[in-house]
Amino acid sequence: MTKVALRPYALLPRQYDERKALASTIDAWGRALWLICPDARFPFRRSGRDVPAPLKLPFTAVVVMSDRGKVREHPLHQVAVDPTAFDALPGGGFVLSGSGGPNARSGQIFGPDGRSRRRFPMGTRLTHLVAGRRAGFWTGYAEEGIYSGDRVSAGALVRWDARGNPAWSLHPPEPHHLVAEVSTVNVSDSAVHAMYWPGAPLAATDSTGVLRIRDLPVSAPRGLAIRDDRLLLLAGGERGRITRADTVHHLQLTADGAVITDRESLILPNGDPVRRYARRICRGPDIFLQTPRSLRQWWVLTIPPLATRSR
């Protein structure tokens, strides 16, 4: 099996304390964002790193934005949730997701001035939060949330407008109607692609809400990239084969499914295999990854244009 290397994408500047980063993402404009809590406490360790939490609620957070080497800060005032994920919204605002029980006000939207605009229920066991470039954001949920009795999480994959109102949820037709968990979500300018479990369906939709389902030969991948009619799937289960966490599947879309055209092994630039990863953000042809030990570094895996793909 050939190997494909991650590329460094963005690095939190050294003047910021990585240990106080509550969440991080790559937004729709390609900017790397880190949500910093200046007064963080460290209640426990996970995967070899101290896990921060706000000393008290509400608190003032700092969004550190790195855009092609240019770094600036954006304060958020009166943050009332303990953020686990966030993203930038069109128009200069932000959306944050925290934890909480069913129907808890775990979501919070901030305007371009950094002031809170709204708190609202955002679902239980949220695993994906990805905003678009033009309007709103998308959320995906784990099995414990979908079957928790939470009315938001029951939608499995939910599209929201920029004000925090749910506008669409995933209700696929038979035989793909059962949705137990959303495994990966890819948001681009023109479409949203998501894979869910059980089975290996790829759901695609756009702002019109028209849904298309394809059956794929790989189930429950950890990441998905798409360029035209080509896919990259990171890890996942392939029938009849033992698939490792560092396996990258290359697929060609067909009318009602896809075929595997190649497999590669994902490595870091130094040649080490990528056995574990934490946060994944999928946007168009890119899969952005962070390792469990650090929120400082972002890496990227990209589907290259056909003319430039090399081994």
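Here's what I pulled together on the structure shown here. The structure presented is a predicted model; accordingly, all values stated were derived computationally and were not measured.

Once that is clear, we can look at the pattern of salt bridges. In this structure the tally under the stated criterion is 11 salt bridges. One salt bridge in this structure joins Asp87 and Arg283, with 2.9 Å as the shortest N-O distance. You can see Asp87 sitting in strand E9 (residues 83-88) and its partner Arg283 sitting in strand E27 (residues 280-283), a full 196 residues away along the chain. Here Asp87 matches Arg283 in class, with each residue buried. Across the salt bridge formed by Arg263 and Glu238, the nearest N and O atoms sit 2.5 Å from each other.

This part is about the pairing of strand E10 (residues 94-98). Along E10, five of the five residues are buried, which leaves the element largely enclosed by surrounding structure. Residue alternation in E10 divides its side chains into two sets, Phe94, Leu96 and Gly98 and Val95 and Ser97, and both sets are buried. Bridge count between E9 and E10: five bridges; the pairing is antiparallel. Each residue of the ladder has a partner; that of Ala88, found in E10, is Phe94. Joining the antiparallel neighbours E9 and E10 is a turn of five residues, in which Gly91 adopts a positive phi near 95°. Both E10 and strand E11 (residues 107-110) contribute to a ladder of four bridges, which runs antiparallel. Each residue of the ladder has a partner; that of Leu96, found in E11, is Gln108.

Attention now moves to the nonpolar core. Counting residues in each nonpolar core, the largest one holds 30 residues, and the members touching the most others are Met122, Phe137, Leu157 and Trp160. Of all the elements in the fold, those that place two or more residues in this core are strand E13 (126-131), strand E14 (137-141), strand E15 (157-160), strand E17 (181-187) and strand E18 (192-197). It is E13 that contributes the most residues to this core, four residues altogether.

Right, let's talk about empty space enclosed by the protein for a bit. All told, the structure shown has one cavity of 30 Å³ or more when counted by the stated rule. The computed volume of the largest cavity comes to approximately 50 Å³. Every residue lining the largest cavity is listed: Thr127, His128, Leu129, Val130, Thr184, Val185, Arg222, Arg279, Arg280, Ile281 and Cys282. When contributions to the lining of the largest cavity are tallied by element, the ones reaching two or more residues are E13, E17 and E27. By residue number, the principal contributor to the lining of the largest cavity is E13, which donates four residues. When the residues that make up the lining of the largest cavity are grouped by side-chain class, the tally is five nonpolar, three polar and three charged.

Moving on, we get to unusual backbone geometry. The linkage connecting Leu57 with the following residue, Pro58, adopts the cis geometry, with an omega of -5°. Following the sequence through the fold, Pro58 ends up in the loop between strand E6 (49-54) and strand E7 (59-67). Note that the residue after Glu174, namely Pro175, is joined by a cis bond; omega there is 5°. Mapped onto the secondary structure, Pro175 falls in the loop between strand E16 (166-169) and E17. One non-glycine residue, Arg68, adopts positive backbone phi at about 55°. Take Arg68: its relative accessible area is 72%, and that puts it in the exposed class.

Reading the values: rules and limits
Residues numbered from 1 in each chain as written. Predicted model: local features only at pLDDT ≥ 70, side-chain atom pairs only at ≥ 80, totals over all residues. Heavy atoms only, no water. Salt bridge = Lys/Arg side-chain N within 4 Å of Asp/Glu carboxyl O. Helix = DSSP H or I, 4+ residues; strand = E, 2+ residues; numbered from the N terminus. Buried < 20%, exposed > 50% of the residue type's maximum accessible area, 1.4 Å probe, protein only. Pairing = 2+ DSSP bridges. Core = buried A, V, L, I, M, F, W, Y, C linked by side-chain atoms within 4.5 Å. 1 Å grid on protein atoms, 1.4 Å probe; cavity = no way out; pocket = protein on both sides within 12 Å on 5 of 7 lines; lining within 4 Å. Points joined across faces, edges and corners; volume = space filled by probe spheres on them. Nonpolar A, V, L, I, M, F, W, Y, C, P; charged D, E, K, R; others polar.

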